[in-house]
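Architecture and fold: a report
So you can see what is in the structure, the chains are spelled out below.
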Amino acid sequence: MLRDITLGQYYPGESWIHRLDPRVKIIAALVYVAALFIVDNLIGFAIALAALAAVIIISKVPLSFILKGLKLIFLIIIFTVIMNLFMIKGGDVLVEIGPLSIEEKGLYTAFFMAARLILLIIGSSMLTLTTKPISLTDGIEALLSPFSKIGVPAHELAMMMTIALRFIPTLLEETDKIMKAQQARGADFESGNLISRAKSLIPILIPLFIGAFRIAHDLAMAMEARCYRGGQHRSRMNAMKLSGRDAAASVMLAVFLAAVIVIRIVL
Amino acid sequence: MSIQVNNLTHIYSPGLPHESVALDDVTFSAEDGEFIGIIGHTGSGKSTLVQHLNGLLKPTSGSIIVSGTDITGPGVVMREIRKKIGLVFQYPEYQLFEETVEKDVAFGPRNLGLSEEEIEERVREAIGLVGLDYEAVRERSPFDLSGGQKRRVAIAGVIAMKPEVLILDEPTAGLDPKAHRDVLEMIEKIHAHEENIIILVSHNMNDIARLADKVLVMDRGKLAMQGTPEEVFAEEERLEAIGLALPQPAQLMKMAREKGLAFEGSFLTLDAVEEALYNYLKKDQI
Amino acid sequence: MNDMIRIDDLVFKYTRDDTGEEVNAIKGVSFAIEKGSFTAIIGRNGSGKSTLAKNINALLLPTSGFVYVNGYNTSIQENLWDVRQSAAMVFQNPDNQIVSSIVEDDVAFGPENLGVESAEIRRRVDESLKAVNMYHNRKKAPHMLSGGQKQRIAIAGAIAMKPDCIVFDEPTAMLDPKGRSEVMAIINSLNEEGITVILITHFMEEAAEADRVIIMDDGVVRLDGTPEEVFSHADELREMNLDIPMPVELARRLRARGIDIPADIINIEEMVEYLCQYR
């Protein structure tokens, strides 16, 4: 059923990584992504890979679970790698297949490109895998709030994400119901050409939009009744507090970043 | 026209850890012109059952024979099933989408591939049958109508397909008492006019007791009981064990019996109770 | 001052978006609701009962006349948050009033908006969830719960604001019988604990549980009194297309046939008790 779909790919757990403050994890993910673009040699990649492996092991998220969610993205990476292999020229010619050839620089670029993308995707997905969507929202709000003075709507963005997370399952269920109801009235979504198929979506989309507006109207009223008045005056039940764990993680992150920078400069 | 359901079983996510049996060996039949009531808790399998009857879900095993055709069999054309069996979902007004009432009601018949004259004829008839004035509403947007009227339009959309079996899942949910009565009256009128089989899913025992020829009681995917309303509501203990209430008149008489008053027989309607109490009280009072 | 709510000659008009015509939803209504009482407001769709409820919560403001909640005039902007904190509201659709994807976070939403301090919010959330019997589900996602359970979460969200009064706007209309009785049980127990309850409904059986029943029709109050008094006006109720509780209807029919039945029988238990006298 549609309601079984997990969102944000959260893998429930109680590991050390899971329990880190979401702000620390968001910053760590950003630093990691930045580090991947600093790295330009094999040793650097080895360090980045080791760091990621350590995070995966500590988080206890099964590797198969991580990879399963990334199948489609890997296809894109393979495509990019192949393009790079054949398109980028320079250095010795390694292989020649008819009009196509792989040259040294192409191989080199393709390898780094692939390594960087794979680490980047797995690294950032570790954030969503180990952080509940709702904590992620809280973390983003907390990190953006200093910028609210210069007009970044931190609270509003976070509230929008919270509500989206809450209502996506409801809307999926609603879609399922509407589809079935229209099928019962003889609607056919499977056959015909592209245009007639697109047309056949109208009986689903219109009721769905109207339903979404109805939800928005009701919800706005309910939020007002519960004294919602935007981000000011608002307190939080789970005020985020940094613990020793978060300090330790921050130190390790700093060490990692330093190592990556040093290697780039030295080698 | 008849419908025969044999050993219908439906398992959600078979083989997975969250496998669940939604329907377990359900067997029943309905004959021409019968009015069937289905009762049971939310999650008892009522909705899963009616979705099978319409071909929206395929059973894991078992068959559904409608006038000699097994609609669960391979190569069955869905359009043929939908010509025979109409299903009105809960809160059907949430499926309206056309600019005018007329166009919305025509959606079903058009999908059946009928001719324009036939469609217009059916739309006119269906809108009349649900108690709306065809000329007054045909050009109006369905979204400007009142809640009760929207529901009628949505029901008309299914009736216009002229199904031989009309299934209604909680057609009165969320309506006020007046609209509730109106919708039930309308269903009775359609039943009399079309002489079709009606299958009414409802939580309202009073309505079921009053309208149904046969009652099916669903409990945790199984067909727990079936029979006339008198037979089913006589089994007070079993219904209580399932957690279903009696119709209110029957509740009153049950409580009176428990206090030691001698009222024999079944009291499913207010009229029956009124008669019994009148006879009981008049000897003392009149 | 014993009035939780005082309504003085309330008139509410609005303009329909689609046709532009002016609708007179409430045409001069006055009454007061005592602290700690349980009042049911009944009327068919379009009678103005929901509009009235929204005026009590300052979601709508009077076109003319006044609404006082806990002494606060709802028309004065500065009173807005006091009004909404004093008179919380629970709506009809259980799905469309839950904000967060975690039950306990949703219950915390009201107190968070009021700027209550974290430890106190935690305490209130736990207390409120226990009061509606949903503490064990506090970490769940709302969409995995039944309608009745969702409605109980919404009630917990209202309780957590520590209101003096809760306005329930048809809270059971979309629920099955089981969910309906769960929600009614909670409404009754909240009232026993001293919360003023205003229950907007069209189920007469629910109204029979109240201390006072107000019948609205076409924007005015038509009947106002104890359930016994109000249900004795059976003909008027019928004319307004409202239902009558089954025992009341039964007594009315028997009375018409010359049986002497007291007018204060409004539920099954009372009817059975009466019958037992003639054993």
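In this report, the structure presented in the accompanying data block is examined. Computed from a prediction, not measured in an experiment: that's the story for all the values here.

One pass over the structure, following the stated rule, counts 13 aromatic pairs over all chains. Ring geometry for Tyr 228 of chain A and Phe 109 of chain C: centres 5.5 Å apart, planes at 25°, overall stacked. Note that Tyr 228 of chain A is positioned in the loop between α9 (202-225) and α10 (244-266) and Phe 109 of chain C in helix α3 (residues 103-113), a pairing that runs across two chains. An aromatic cluster of at least three residues, connected via ring pairs, comprises Phe 45, Tyr 108, Phe 111 and Phe 112 of chain A. Positioned above the aromatic ring of Tyr 94 of chain B is the side chain of Arg 214 of chain A, whose terminal nitrogen or guanidinium carbon lies 3.6 Å from the ring centre. A cation over a ring is seen here: Arg 138 of chain C above Tyr 135 of chain C, with NZ or CZ 4.1 Å from the ring centre.

Another point: the pairing of strand β9 (residues 214-219) of chain B. All names here are of chain B. Counting buried residues along β9, 6 of its 6 residues qualify, which places the element largely inside the surrounding structure. Judged by which residues are buried, β9 turns out to be covered on both faces: Lys 214, Leu 216 and Met 218 on one side and Val 215, Val 217 and Asp 219 on the other are all buried. Connecting β9 to the antiparallel partner strand β10 (residues 222-227) that follows it, the hairpin turn spans 2 residues, and Arg 220 within it adopts a positive phi of roughly 45°.

Opposite the 21 residues of chain B that make contact, chain A presents 17 residues. Summing the contributions of chain B and of chain A, the shared interface buries around 1,700 Å²; its carbon and sulfur component is 64%. Sorting the residues of chain B by area buried against chain A places Tyr 94, Gln 95 and Phe 97 of chain B first, and these three jointly supply 34% of that buried surface. Counting across the interface, chain B meets chain A through 5 residue pairs in polar contact (both at pLDDT 80 or more). Broken down by secondary-structure element, the contributors of at least two residues to the side of chain B that touches chain A are α3 (101-111) and α6 (147-159) of chain B. For the side of chain B that touches chain A, the residue count by class is 12 nonpolar, 7 polar and 2 charged.

A word on the sheet that holds strand β1 (residues 2-12) of chain B. All names here are of chain B. Reading across the sheet, the 4 strands line up as β2-β1-β4-β5 and stay open at both edges, with antiparallel pairing between neighbours. For this open sheet the edge positions go to β2 (20-31) and β5 (69-70), each flanked by a neighbour on one side alone. In this structure, strand β4 (residues 61-66) lies alongside β5, joined through 2 bridges in antiparallel fashion. The partner of Val 66 across the bridge, within β5, is Thr 69.

Conventions used here
- Residues numbered from 1 in each chain as written.
- Chains lettered and ligands numbered in written order.
- Predicted model: local features only at pLDDT ≥ 70, side-chain atom pairs only at ≥ 80, totals over all residues.
- Heavy atoms only, no water.
- Phe/Tyr/Trp six-rings, centres within 6.5 Å; stacked < 30°, edge-to-face > 60°.
- Helix = DSSP H or I, 4+ residues; strand = E, 2+ residues; numbered from the N terminus.
- Lys NZ or Arg CZ within 6 Å of the ring centre and 35° of its normal.
- Buried < 20%, exposed > 50% of the residue type's maximum accessible area, 1.4 Å probe, protein only.
- Pairing = 2+ DSSP bridges.
- Contact = heavy atoms within 4.5 Å.
- Buried area = accessible area lost by both parts, 1.4 Å probe.
- Polar contact = N/O pair within 3.5 Å; in protein donor to acceptor, adjacent residues only side chain to side chain.
- Nonpolar A, V, L, I, M, F, W, Y, C, P; charged D, E, K, R; others polar.

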